[in-house]
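As a plain string of letters, each chain reads:
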Amino acid sequence: AVPSATGVALDADAEETRPVDARGYVNADTAEVEALDTSTVTIAVVDTGFNTGSGAILGDRGADDYYSPRLLPESKSMISDQTVASDGLSAVADGNGHGSFVASQILSDPSDAAFQGLLPNANLLVVRALDDSGSGATADIANGIRYAADQGADVICMSLGSPIYGADLERALAYAVDKGSVPVAAAGNDRQGTRWIATPASSEFAIGVGAVTGAPPADSQSAYFSNIGRHPGTTDLSKGQTNGARPDVAAPGMKMRALVG
């Protein structure tokens, strides 16, 4: 059946949302949350890379430091097999901007508090698995997931997806979970086309996140582009593996702003 359009937001229904606003909408600005010590937490962002903005994005860079100590030297490009430790920041340079945007939403700590991310004290492991066009090979993404898990990433963020199921991705996610990592993936941005929640968000080993407007939970609406469930498991070549999959949670993801390098 055709899903109901009730509660779905078009562009005109959404207000621009800054990180400071998003923190409030998800209750991440409470004293209890802000008191948590996240300085030992590592977030891996599997995406197009990351631009440091001369240290302005992650902040706390010493006068003689090449980059913020919060950007881990183990950060790596799965495409070129280069690391920041061996090849410098060029190894994870982001010619697309998407990875920089995602990492900033999570981890930024600039002088402007309005653009501070959810975890401004955590560490960033950049895993470049997508090229400057925003596309990538399944093998690079899967290897990036395994690499992040081997580096001890607490959370593996994947704002990427495909309408086609990938068995290698499924194995990589299971490996990461077994290592103690928590994979988190976007539900997808193609509701009007492929409709159902994308891979890897459809995996039982990942938390699938849908996009909603920037507003308190009671007032938020589902973004018109955000993929949905329950997945029939018949349209993605999964042979039923993804049957019943749906977004697990939702968060502000429409008309978002972030400070990027």
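In the block above lies the structure referred to throughout.
Residues numbered from 1 in each chain as written. Predicted model: local features only at pLDDT ≥ 70, side-chain atom pairs only at ≥ 80, totals over all residues. Heavy atoms only, no water.

### Considerations on the pattern of salt bridges
(1) Moving on: As enumerated under the stated definition, the model contains 7 salt bridges in all.
(2) Moving on: In this structure, the salt-bridge partner of Lys76 is Asp81, at a minimum N-O distance of 3.0 Å.
(3) Moving on: The closest approach of N and O atoms between Arg128 and Asp132, which form a salt bridge, is 2.7 Å.
(4) Moving on: Taking relative accessible area as the criterion, Arg128 reaches 12% and is therefore assigned buried.
(5) Moving on: For Asp132, a relative accessible area of 43% corresponds to the partly exposed category. (Salt bridge = Lys/Arg side-chain N within 4 Å of Asp/Glu carboxyl O. Buried < 20%, exposed > 50% of the residue type's maximum accessible area, 1.4 Å probe, protein only.)

### Things to note about the packing of aromatic side chains
(1) Moving on: Under the counting rule described, the total for this entry stands at 1 aromatic pair.
(2) Moving on: Considering the side-chain rings of Tyr224 and Phe225, the 5.3 Å spacing of their centres and the 80 degrees angle between planes classify their relative orientation as edge-to-face.
(3) Moving on: The exposure class assigned to Tyr224 is partly exposed, which follows from its relative accessible area of 26%. (Phe/Tyr/Trp six-rings, centres within 6.5 Å; stacked < 30°, edge-to-face > 60°.)

### As for unusual backbone geometry
For residues that are not glycine, phi is negative in most cases, and the peptide bond is trans in most cases.
(1) Moving on: Here the amide bond leading from Thr199 into Pro200 is cis, since omega sits at 15 degrees, within 30 degrees of zero.
(2) Moving on: Checked against the element boundaries, Pro200 lands in the loop between β6 (182–186) and β7 (207–212).
(3) Moving on: Backbone torsion omega between Gly229 and Arg230 reads 0 degrees, so that peptide bond is classified as cis.
(4) Moving on: Mapped onto the elements, Arg230 comes out in the loop between β8 (222–223) and β9 (249–252).
(5) Moving on: Positive phi is not limited to glycine here, since Arg195 has a value of about 65 degrees.
(6) Moving on: Its location among the elements puts Arg195 in the loop between β6 and β7.
(7) Moving on: A residue is classified by how much of its surface remains accessible, and Arg195, at 28% relative accessible area, is partly exposed. (Helix = DSSP H or I, 4+ residues; strand = E, 2+ residues; numbered from the N terminus.)

### A look at helix α5 (residues 138–150)
(1) Moving on: Compared with the 18 Å implied by 1.5 Å per residue over 13 residues, the 18 Å span of α5 between its first and last C-alpha is a close match.
(2) Moving on: Turning to α5, its buried residues number three or more, namely Asp140, Ile141, Ala142, Gly144, Ile145, Tyr147, Ala148 and Ala149.
(3) Moving on: Those residues of α5 hidden inside the fold are in contact with β2 (42–47), β3 (76–77), β4 (123–128), β5 (155–158) and α6 (167–179).
(4) Moving on: Where α5 terminates, the next one or two residues include Gly152, which has phi positive at roughly 85 degrees. (Expected span 1.5 Å × (residues − 1). Contact = heavy atoms within 4.5 Å.)

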